[in-house]
Amino acid sequence: MGGFTDEKGKQHISGYHYTFPYWEVLNEIEAEHNTTPEQYTQRYDAIVESIRKVSPTTKFMGLALARAGGNPQYYEYFLNSKNHRSGIPIDYISFHFYATPAADEGLDGWQHSSFDQAEGFLATTRFILAIRDRLAPAVKIDTDELGVILPSDGEEIKASKALPDKIPQRYWNAAAALYAYLFVELSKQGVDVIGESQLVGYPSQFPSVSMINYNDGKPNARYWVLKLIKDNFHAGDKLLETKQNMFGPHEVVVQGFVTSEGKRVLLVNKTNREKVVELPTDWQHATSSSVDEQTGDQEPRTGKLNGSELKLGPFAVAVLKAE
């Protein structure tokens, strides 16, 4: 039975028992407690050693850094097996990224700043992977918190109360498009887990990071884009070299995949304006599933294409399935 023994030696039985396939050891260690690489590695080893005694099949994830590129020494020290107790496993390392627009930016600014910051994060990820490949190539990578935090969230935290909602509906499409873009680019780098944060946010608790409409409880565009990707692309799919000029505007990200269910294309409009994509002949009658401002908090819009052009609304995300 589950439970614990307190500091007085008394055992408390919960009546519940769970298995934990994965355990991430602590969270945002450098941001929340100013933990040094050496301190964290010692604590990681002690925690993992204790958990393995009662859950020997659990896999462990380390670091969970808030600022992926803040201090490379975390990766250099933690991934060096010489700095760990004998037999302590490192199955994954994890780190986070949130785009953070300036306070005076709106939708037209977000289309630039958020994606520019994403480029910096992608460059940082390549750097982290190089350290991993040198010191511990078997360790997997989990980018388990990806999202956007608007300045208004910080205002609420300082005020310690919910403030009037200033988030425009199209923001959710912009944040969803950013995640879809990161999914494409991190997949190219071979990142193992590409996680979106967070399921439920609400006024006074990071509302701009939510996947749920906190006014009515419905899933928003961030949720539907995540589900669209999850339903169409899976581990083992092959990424194709996709010629951008075959599909039109440079601001539209296009990535082809060969899946177990056939060829598919993921398209992401990175801009705050409509884009027209010219479709190659063999994609002019594909099935399309799209998330955009018109779908709102509803499921992706699905239909059959019939022609050489596909219109993508501002910050739209679409998946095309070949016949």
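Everything below is about the structure printed above this text.
Residues numbered from 1 in each chain as written. Predicted model: local features only at pLDDT ≥ 70, side-chain atom pairs only at ≥ 80, totals over all residues. Heavy atoms only, no water.

Caption draft 1: Summary view of the sheet that holds strand E12 (residues 287-291). Strand order in the open sheet made by the six strands is E8-E9-E10-E15-E12-E13, with antiparallel pairing throughout. With partners counted over all chains shown, the strands left at the sheet margins are strand E8 (238-240) and strand E13 (301-304), one partner each. Neighbour-to-neighbour, the strand axes of the sheet open up by a mean angle of 25 degrees, direction not taken into account. Pairing of strand E10 (residues 262-269) with strand E15 (residues 317-321) involves five bridges; the strand directions are antiparallel. If you follow Leu-266 over to E15, its bridge partner there is Val-319. Set on the sheet, helix H6 (residues 169-189) makes contact with E8, strand E9 (252-259), E10, E12 and E15; between it and E10 the angle comes to about 130 degrees. (Pairing = 2+ DSSP bridges. Helix = DSSP H or I, 4+ residues; strand = E, 2+ residues; numbered from the N terminus. Axes fitted to C-alpha atoms, helices over the stretch in contact; angles between N-to-C directions. Contact = heavy atoms within 4.5 Å.)

Caption draft 2: Region of interest: the packing of aromatic side chains. With the rule as written, the count across this model stands at 17 aromatic pairs. Residues Tyr-22 and Tyr-92 carry aromatic rings whose centres are separated by 5.8 Å and whose planes lie at 80 degrees to one another, so their mutual orientation is edge-to-face. One end of the pair, Tyr-22, is in strand E3 (residues 22-24); the other, Tyr-92, is in strand E5 (residues 92-99), with 70 residues separating them in the sequence. Accessibility expressed as a relative area gives 47% for Tyr-22, which makes it partly exposed. (Phe/Tyr/Trp six-rings, centres within 6.5 Å; stacked < 30°, edge-to-face > 60°. Buried < 20%, exposed > 50% of the residue type's maximum accessible area, 1.4 Å probe, protein only.)

Caption draft 3: Just the pairing of strand E11 (residues 275-278), in detail. The alternating pattern of E11 places Lys-275 and Val-277 on a buried face, while none of Val-276 and Glu-278, on the opposite face, is buried. As paired elements, E11 and strand E14 (residues 309-312) share four bridges and run antiparallel to each other. When the bridges of E14 are listed, Val-277 appears paired with Leu-310.

Caption draft 4: View of the pairing of E12. Among the five residues of E12, four are classified as buried, and the element is accordingly described as predominantly covered. Taken together, the four bridges between E12 and E13 define a ladder with antiparallel strand orientation. Bridge pairing in E13 links Ser-289 to Thr-302.

Caption draft 5: View of empty space enclosed by the protein. Applying the stated rule across the entire model yields two cavities of 30 Å³ or more. Put simply, the largest cavity is a space of about 90 Å³. Around the largest cavity, the lining residues are Ser-152, Asp-153, Glu-155, Glu-156, Leu-163, Pro-164, Asp-165, Lys-166, Ile-167, Pro-203, Pro-207 and Tyr-214. Taken together, the residues of the lining of the largest cavity break down into six nonpolar, one polar and five charged. (1 Å grid on protein atoms, 1.4 Å probe; cavity = no way out; pocket = protein on both sides within 12 Å on 5 of 7 lines; lining within 4 Å. Points joined across faces, edges and corners; volume = space filled by probe spheres on them. Nonpolar A, V, L, I, M, F, W, Y, C, P; charged D, E, K, R; others polar.)

Caption draft 6: Inspection of the environment of Asp-165 at higher detail. Secondary-structure assignment places Asp-165 in the loop between helix H5 (151-159) and H6. Through-space distance from the C-alpha of Asp-165 to that of Tyr-44 is 40 Å; in sequence the pair is 121 residues apart. Apart from the residues lying within four places of it in its own chain, the contact partners of Asp-165 are Tyr-214 and Asn-215. In terms of polar contacts, Asp-165 uses its side chain to reach the side chain of Tyr-214, at 2.9 Å. (Polar contact = N/O pair within 3.5 Å; in protein donor to acceptor, adjacent residues only side chain to side chain.)

Caption draft 7: The arrangement of the environment of Ser-14 in detail. With respect to the secondary-structure elements, Ser-14 resides in the loop between strand E2 (11-13) and E3. Residues contacting Ser-14, with those up to four places away along its chain left out, are Gly-2 and Gly-3. In this structure the side chain of Ser-14 is engaged in a polar contact, spanning 3.0 Å, whose partner is the backbone nitrogen of Tyr-16.

Caption draft 8: Looking closely at the packing of helix H4 (residues 107-135) against H6. Running from amino to carboxyl end, H4 crosses H6 at an angle of 25 degrees, the nearest separation of the two axes being 10 Å. Relative to H6, the element H4 is oriented roughly parallel. Helix-helix and strand crossings are classified by hand; for H4 and H6 the assignment is right-handed. Residue-level inspection shows Leu-107, Trp-110, Ser-114, Phe-115, Ala-118, Glu-119, Phe-121, Leu-122, Thr-125, Arg-126 and Leu-129 of H4 in contact with H6, the latter providing Arg-170, Tyr-171, Ala-177, Leu-178, Tyr-181, Leu-182, Glu-185, Leu-186 and Gln-189. Here the contact of H4 with H6 is built from residues that sort into 13 nonpolar, three polar and four charged. (Parallel < 35°, antiparallel > 145°, perpendicular 65-115°, else oblique. Left-handed = near helix turned anticlockwise from the far one by under 90°.)

Caption draft 9: Representation of the pattern of salt bridges. What the rule picks out here adds up to twelve salt bridges. In this structure, the salt-bridge partner of Arg-134 is Glu-76, at a minimum N-O distance of 2.5 Å. You can see Arg-134 sitting in helix H4 and its partner Glu-76 sitting in helix H3 (residues 73-78), a full 58 residues away along the chain. Residue classification places Arg-134 among the exposed positions, given a relative accessible area of 51%. Arg-264 is the partner of Glu-261 in a salt bridge, and the nearest nitrogen-oxygen pair spans 2.8 Å. Accessibility expressed as a relative area gives 56% for Glu-261, which makes it exposed. In this structure, a network of salt bridges that share partners links the residues Glu-251, Arg-273 and Lys-275. (Salt bridge = Lys/Arg side-chain N within 4 Å of Asp/Glu carboxyl O.)

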